[in-house]
Amino acid sequence: MALCFWPLKNIVVAFLQRFFKQSPMKHAGQRWRCEYRGLVLPLCFLLFISNSASAQIRYSVAEEVKDGTTVGNVVKDLGLDINTLMERRFRIVPDSKYTLFGLNENNGDLYVSNSIDREKICESNTACLINLKLVVENPLEIHHVAVEIIDVNDHFPTFPDKELHLEIAESTLPGAYFQLQAARDADSGINSVRRYKLNQNTHFELEVRDRGEDLKVPFLILQKHLDREQHEKHSLLLTAFDGGYPPKSAELSVTVTVLDINDNRPIFDRELYSVSLLEDVQIGTVILKVNATDNDEGLNGMIEYAFGRNQNNKIRNFFLLDNVTGEIRVKGNLDFEDAEVYQLDIQATDKGQPPMTTDCSVIIKIIDVNDNNPVIEVTSLSTLVPEDSKPGTVIAFISVTDRDSGINGKTVCNVPDNLPFELKPSFQDNVYSLITKGHLDRELVSHYDVKITATDCGDPPLATAKTVPVQISDVNDNSPVFLKNPYYLYILENNEPGASIFSVSASDKDLDENSWLSYYILRDGEKTNYISSFLNINSENGDIYALKSFDFETMKTFQFQVVAKDSGTPSLSTNVTVNVFILDQNDNAPLILSPVSTNGSTEGVVELSRNANAGHLVTKVRAYDPDIGYNGWLSFSLQQVTDPSLFSLERYTGEIRTLRPFTETDKVTHKLVVLVKDNGNISLSASATMVVNAVETKEVFASSEIKNTVNVEEENNITFYLMISLGSVSALFVFSIIGLIVMQCSKPPDYSSKYSHDSNCIDTSGNGTLCHSIQYRSGEKRYMLVGPRMSIGSAIVPGSNGNTLVVHEHSKRISGENLSLHRLHHKDMI
C-alpha cells in the first residue's frame, strides 16, 4: 500500500508547455503570451526548486518476509520516466543503519534485500519506520520514502525465570495476595502479552493488574487456610498468552512452601518395642532403634530421645541410648544367667516452644547361645609315611573338645574328599584316627597338608580347622629311564684309542640312593663280548670310551647294550641298545693288481707288433682301493711316457692304446709310468711301470705262446684271491642283513625316516658306466656317499664295494687273451 503526493514539478511543466505552444493564428498567440508573461518567471523559479525537492512516499511491509519481496514501484509513484533511470543513476543513498532494501533499476521496484526482524530494528511498541533517500541526477532530485515494518506474531512470551518459589506461613489468613513475575513479549500491539491463566487448585486464585505500556502483572490471592501437615508444598502453573492468532504462550512453575508452627506432638511408631538378643553380643552392637515422628518442621519437628525419669540405673550400665537417632546399643557384657529380660522406658521430646513429649516401652529378651568353638588336639602323629603304605595305615590320633554342654558340646570331624586320607571314629566320643584310604605315590605328591575340620552340633554350629602336615617318604619303586631308546652313534674310523666317543644318560624319579645310578656294558654272548671288549664306560656319568681304533674295512656296524642300575634295595635296572655305524675315511692307497708287483716293484713288459694300427689295445692297468665312495673312486694318468704321441691312457679304465701306427724312426722300447690315485679329500696314489717292446709279427707269435701260459697261471691265482674276497664280503653282508632285521623290528615308528633310499644310475650313452650313492641321516645331519663311474669293460675298482651290505649280482667272464672279473657296485642298506 503506497500513499503519494503529486509533485509540484509536474504542474509547472504542464503550464509552461501550454504557454510556449504556438497557435495557428500568429497574432492571437502573441496576445495570449503577453497576457501570461507575468506568470512565466515565478513558474520557472518553482520549476528550479522542484528539481531539488519532492514529496514523501510511504510504504508498509510485514517483517520476516522472504528476500526479494516487492514493497512498491517508486518510479511509477514518483512519476519518473522508466527509460531514463540508468542514465540518471537512480539509486538509494546508503546512509541507513540497516541495509534492508534494494532498488531494481530496470523496473523501479523497491524490494526487500535482507531478512527483517522488527524487534531488532524497533524496540518500542510505536510504529516502526525505515526512512530511505532515493536520488536521480541530471537534474538532481532527492526523494524520501518511508517504509513501515508491520509486526507479526513471531515471538513467544517469556518469564524472567522458569520457576518461582514462595514461602507462606500456615497461619496466614485468607485474602492475602502475592505478586508474581510478569511475562514479556518482544512483539507489539495485539501480539504482546494479553492474558494469564492459573491451573485449577483449592487454595489460590489469580488476579491480573494493568500497569500500562502493554504490561500486565499477575497476583496470587490466598483463598483457603493452609495446613503444612496436610500439604507442605503447593505446585502451581501460571500460563501467559499473547494476542496473536494462533496465540503463543509461556509457563511459569510456582512452588508455594508452607512454613510450620509447633502444633503437633511426637508420635512413636509403636507403643511397645520387643527384641531378642544373644548373650554373646558384642559391645557397641545396635540392638534396636526407636523412631518417633513429628509432623512439624524445623525446631518444631526435631526430636530428642532419653530414658524415662523412673528408669533403673542398673539398666543404664548395660544399654546406651542415642538421643538423636534413637539407637539402643549394648554397653556392657550380657549374661543369660543373670537376667533373661530387660525393660526400658524411652521418652521423645521436640524442640518447639512449648516442647511436647511422648513415651514408649522396650522389652529386651536374652537368648542363650553356643559361644564356644571346638578345640582340635593332635595326640599322636607319624612324621614320615612310606609311599608303599597299605590303605588303612594309622597316621595320627585326633581328639576334639568343646566347652559347651549337651548338643552344643558334640562334634563332627571331616577331611577333604580329594585327599587319600580319612577319619575313622573311635569308640570314645570326639576321638578319631587319621588313616590312609588309597595308595600313595611320592613321585606325584610328596607332601600333604591335611585340613581337619571339627564342627559342633549347636545352632548355629561353630567350626574349627587345623592343618596336619603329612610327608611321604620314598621307596625304590621306579626303574631308571634312558633319555633315548635306542641310541645311534656315527663315528669315523681311525678314531683315537682311549678317547670318549659317546655318552648315555638316564634318570630316576626316586630320591637319594634310590636315584643314584651306575652304568655298565652288558656282556653276554661270544660276539657281544668280542665287540664290547674294546669298549669301556664310565659307571658314574655314562661316558663311553673306545679302547682301540675302528677300521671301516674290517667292521662297518655293530651294537651293544648299556645297563643303568640304581642304588636302591632291591636295585632296579634298565637296558638300552646303542647302534654304532662306522664311517669310512680315505686311509687306503690304491693297490695295483696288474701288472703284478714283484720284489716290491710294480713293472710289466708288453710286446707289441710294429704293424699295430692306431687305437690298438696295448694292455690294461688294473687297480683296487678298499675305501668306498669318492675315497675309492680311482683315476689313471700317464706320469711319464717315452713318446707321448704314440700312446694314450683311458682315465677311468686304465687301457693303454696306440695313437698312431709305428714308424721306422720309432724306438723299439718304450717306458710308460702310470699314476693311479683316488678322489679323497687328501688323495692317495700308486704307480706302475709298463715297458712296451715293439717287435716284428713273427716274434710276437713266438713269445705270445709262452706268455699266454704264464698269464693264465697268474690270472688264475688272481681269480682265486678275488673269489675268497667275494665270499668274505658276502658272509659279512648276510650277518649285516640279519642284524638290520633285528633292528628294524625294535626301532621306533619314525626310525625309517632316518635313512633314505640309495640311488643307482646307469649311463645310457653306450659306454656302460655305473654309479651308486648311499644316503643316511643322523638327527638333523645328512650324510651321502657317492660311488665312482666305471666302464663295464674295465676292471671295477674293488674299493667301491668295500662297504657293501647287499650284493645284487656279480659275473665273471674269461675270453681270448684277457681274463676280466666284472662286479657291479653294491648298495649299502642301513
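Procedures and definitions
Residue indices follow the written sequence of each chain, beginning from 1 at its first position. Residue-level local features of this predicted model are given only where pLDDT is at least 70; pairs of side-chain atoms are given and counted only at 80 or more, and the full residue set underlies all totals for whole chains, interfaces and linings. To get the side-chain values, all heavy atoms of the structure are used, and hydrogens and water are removed first. Helix and strand definitions here come from DSSP, where helices need a minimum of 4 consecutive H or I residues and strands a minimum of 2 consecutive E residues; each element is numbered from the N-terminal end. Only heavy atoms enter the contact rule, under which two residues are in contact if any of them lie within 4.5 Å. Per-residue and other accessible areas were derived by the Shrake-Rupley procedure at a 1.4 Å probe size, with only the shown protein chains allowed to occlude residues. What makes a patch is a set of residues exposed beyond 30% relative accessible area and free of salt bridges, joined within 9 Å when like-charged and within 5 Å when nonpolar (Val, Leu, Ile, Met, Phe, Trp, Tyr). Criterion for a salt bridge: a side-chain nitrogen of Lys or Arg within 4 Å of a carboxyl oxygen of Asp or Glu. Type-normalised accessible area, obtained with a 1.4 Å probe on protein chains alone, sets the label of each residue: buried when under 20%, exposed when over 50%, and partly exposed for intermediate values. Criterion used throughout: strands pair if DSSP finds at least two bridges between them. Angles shown run from 0 to 180 degrees and are taken between the N-to-C directions of axes, each axis being a line fitted to C-alpha atoms and, for helices, limited to the stretch in contact. We call a set of buried Ala, Val, Leu, Ile, Met, Phe, Trp, Tyr and Cys residues a nonpolar core when their side-chain atoms join them within 4.5 Å. Note on aromatic contacts: the rings of Phe and Tyr and the six-membered ring of Trp form a pair at centre separations within 6.5 Å, being stacked when their planes are under 30 degrees apart, edge-to-face when over 60 apart, and tilted otherwise. Two conditions define a charge located above a ring, namely a distance within 6 Å from the ring centre to NZ of Lys or CZ of Arg, and an angle within 35 degrees of the ring normal.

**Things to note about the overall build of the protein chain**
Okay, step 1: Counting secondary structure elements, the protein chain contains eight helices and 56 strands.
Okay, step 2: A sequence separation of at least 24 residues applies to 65% of the contacts in the protein chain between residues at least 6 apart.
Okay, step 3: Of the roughly 46,800 Å² of accessible surface on the protein chain, a fraction of 52% belongs to carbon and sulfur atoms.

**Here's the deal with a nonpolar patch on the surface**
Okay, step 1: Nonpolar side chains collect at one region of the surface, where V734, F735, I738 and V742 lie side by side and expose about 390 Å² of accessible area between them.
Okay, step 2: Tracing the backbone shows V734 in helix 8 (residues 697-746).
Okay, step 3: Classification of V734 by relative accessible area gives partly exposed; the value is 45%.

**With respect to the sheet that holds strand 35 (residues 500-503)**
Okay, step 1: One open sheet accounts for three strands, arranged 35-39-38; its pairing is antiparallel. The open sheet has two edge strands with one neighbour each: strand 35 and strand 38 (535-537). Taking each pair of neighbouring strands and ignoring which way they run, the sheet shows an average axis angle of 25 degrees.
Okay, step 2: Sheet topology places strand 38 next to strand 39 (residues 543-546); three bridges connect them, and they run antiparallel.

**Notes on the sheet that holds strand 45 (residues 617-620)**
Okay, step 1: If you trace the three strands from one edge of the open sheet to the other, you get 45-49-48, paired in antiparallel fashion. Two strands lie at the open edges of the sheet, namely strand 45 and strand 48 (647-649), each paired on one side alone. Averaged over neighbouring strand pairs, the angle between their axes works out to 20 degrees when direction is ignored.
Okay, step 2: Here three bridges tie strand 48 to strand 49 (residues 655-658), and the two strands are oriented antiparallel to one another.

**Points about the nonpolar core**
Okay, step 1: Counting residues in hydrophobic clusters, the biggest one holds 29 residues, and the most contacted among them are V504, F550, F558 and V562.
Okay, step 2: Looking at this core, the elements that each hand over two or more residues are strand 34 (487-492), strand 35, strand 37 (517-522), strand 38, strand 39, strand 40 (557-566) and strand 41 (573-583).
Okay, step 3: Residues within four places of V562 in sequence aside, it is in contact with F482, V504, Y519, Y520, I521, I537, I544, T574, N575, V576 and V578.
Okay, step 4: By size, the runner-up hydrophobic cluster in this structure holds 28 residues, among which are L344, A348, V362 and I366.

**Overview of the packing of aromatic side chains**
Okay, step 1: Applying the stated rule across the entire model yields 17 aromatic pairs.
Okay, step 2: A centroid spacing of 6.4 Å and a plane angle of 85 degrees characterise the contact between F482 and Y487, whose relative ring orientation is edge-to-face. No difference in accessibility class separates F482 from Y487, as the two residues are buried.
Okay, step 3: A ring pair is formed by Y630 and W633, whose centres lie 5.4 Å apart and whose planes are at 35 degrees; its orientation type is tilted.
Okay, step 4: Its relative accessible area of 41% is what places Y630 among the partly exposed residues.
Okay, step 5: By way of ring pairs, the aromatic residues F482, Y487, F502 and Y519 are connected into one cluster.
Okay, step 6: Note that R209 overlies the ring of F219, its terminal NZ or CZ placed 4.2 Å from the centroid.
Okay, step 7: The ring of F552 carries the charged tip of K556 above its face, separated from the ring centre by 5.2 Å.

Any functional reading would require information that these geometric values do not contain.
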